[in-house]
Each structure stands twice: as structure tokens, then as C-alpha cells.
Amino acid sequence: MGIRLIKISVVYFMIGISLGYYMSIAHQYTLTGVHFHINLLGWTALTLAGLIYYLFPALANNKLGFWHFWLHNLGLPVMMLSLTGMLLTGNSAWTAGVATGATLVIIAVFLFAINVLLHVNEQNSRFS
């Protein structure tokens, strides 16, 4: 799972950097929040989670790891696409998608944190 998360995070990195590049050359910064969240929750958070799952394989082999992976990877695109729609159209109907995606991501992050707090120890390390 760790390697898969790292690969997914690189896709988010390419999207985030491309969006930032577009905003910079177009001098259009409406999507700054989308750019920020893609880079933080997609690139940075998933890279770090991937590295932690790689270093501590036991974290990936339980239900907390499974649910973290899927909720984060379903919630983030829903939140980002909905936020993009809301910012570009000004239509508040997109708020439900933003809230749904954000809720899935925050649940995923809390599950990840619980998993780390419960299962990271020297015996579970790849290097023990």
C-alpha cells in the first residue's frame, strides 16, 4: 500500500503544480484553495503516509489502513472537483460535494492517526 500511495501522490503533485503554473501565467487565482489542498492533502500527506506504510508494513495490513486508503482516495477528488465547480461557477450547490469529500478525508486522516498511534513500534518496523 505504501508504494501505491506514493505513486498516487505523484499524480496529485503533477496536478497541483500544473494548476499553480496555469494560475501564475494566467494571473487567475480563483482556484488557489484547490491548488493548496491538492498539494497538501494529495502530494504531501499521501507521500508521508505512503512512506510510513512502507516503513511499518503492519499498518497497511489492517482495517484502519484499508479504510484510510480508500476514504482518502475517494474523498479528495470529490472535494477538489466540487470545490473547483463551486469556485468557477459561484453555485453553492457544489457545497454538498465539498462537505462530503472533506468529511471522507478527515475521517481517513483520523483513521490513519489512530492506526499510527496504535501500531507503530520498533517490532513493526521494516528495519527491525
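Residues numbered from 1 in each chain as written. Predicted model: local features only at pLDDT ≥ 70, side-chain atom pairs only at ≥ 80, totals over all residues. Heavy atoms only, no water.

(A) Structural detail: the packing of aromatic side chains. Using the criterion set out here, one finds four aromatic pairs in the structure. Aromatic side chains Phe66 and Trp67 sit 5.3 Å apart centroid to centroid with 90° between the ring planes, which places their arrangement in the edge-to-face category. Its end group placed over the ring of Phe69, Arg4 keeps NZ or CZ at 4.8 Å from the ring centre. (Phe/Tyr/Trp six-rings, centres within 6.5 Å; stacked < 30°, edge-to-face > 60°. Lys NZ or Arg CZ within 6 Å of the ring centre and 35° of its normal.)

(B) Looking closely at a nonpolar patch on the surface. A contiguous nonpolar surface patch, about 390 Å² in accessible area, is contributed by Ile3, Tyr54, Leu55 and Phe127. For Tyr54, a relative accessible area of 35% gives the class partly exposed. (Patch = residues over 30% accessible without salt bridge, like charges linked within 9 Å, V, L, I, M, F, W, Y side chains within 5 Å. Areas by Shrake-Rupley, 256 points an atom, 1.4 Å probe, with all protein chains shown as cover. Salt bridge = Lys/Arg side-chain N within 4 Å of Asp/Glu carboxyl O. Buried < 20%, exposed > 50% of the residue type's maximum accessible area, 1.4 Å probe, protein only.)

(C) Inspection of the environment of Thr95 at higher detail. Among the secondary structure elements, Thr95 is positioned in helix 4 (residues 95-119). Sequence separation of Thr95 and Pro77 is 18 residues, and the distance between their C-alpha atoms is 14 Å. (Helix = DSSP H or I, 4+ residues; strand = E, 2+ residues; numbered from the N terminus.)

(D) Spotlight on the environment of Val34. Position of Val34 among the secondary structure elements: in helix 2 (residues 32-55). Given the relative accessible area of 2%, Val34 is considered buried. Spatially, the C-alpha atom of Val34 lies 8.6 Å from that of Leu19, the residues being 15 residues apart in sequence. In contact with Val34, not counting residues within four places along its chain, are Leu19, Met80, Leu83, Thr84 and Leu87. (Contact = heavy atoms within 4.5 Å.)

(E) Quick peek at the packing of helix 1 (residues 2-26) against helix 2. Where helix 1 contacts helix 2, the two axes come as close as 8 Å, and the packing angle between them is 160°. Of the possible angle classes, the one that applies to helix 1 and helix 2 is roughly antiparallel. Judged by the twist between their axes, the crossing of helix 1 over helix 2 is left-handed. (Axes fitted to C-alpha atoms, helices over the stretch in contact; angles between N-to-C directions. Parallel < 35°, antiparallel > 145°, perpendicular 65-115°, else oblique. Left-handed = near helix turned anticlockwise from the far one by under 90°.)

(F) Spotlight on the side chain of Asn115. The residue Asn115 is located in helix 4 in this model. Of the residues examined, Asn115 reaches a relative accessible area of 0% and is grouped as buried. Here the side chain of Asn115 touches His119 through a polar contact of 2.8 Å, side chain to side chain. Asn115 has contacts with Tyr53, Leu59, Asn62, Leu64, Gly65 and Val120, leaving out every residue within four places of it along the chain. (Polar contact = N/O pair within 3.5 Å; in protein donor to acceptor, adjacent residues only side chain to side chain.)

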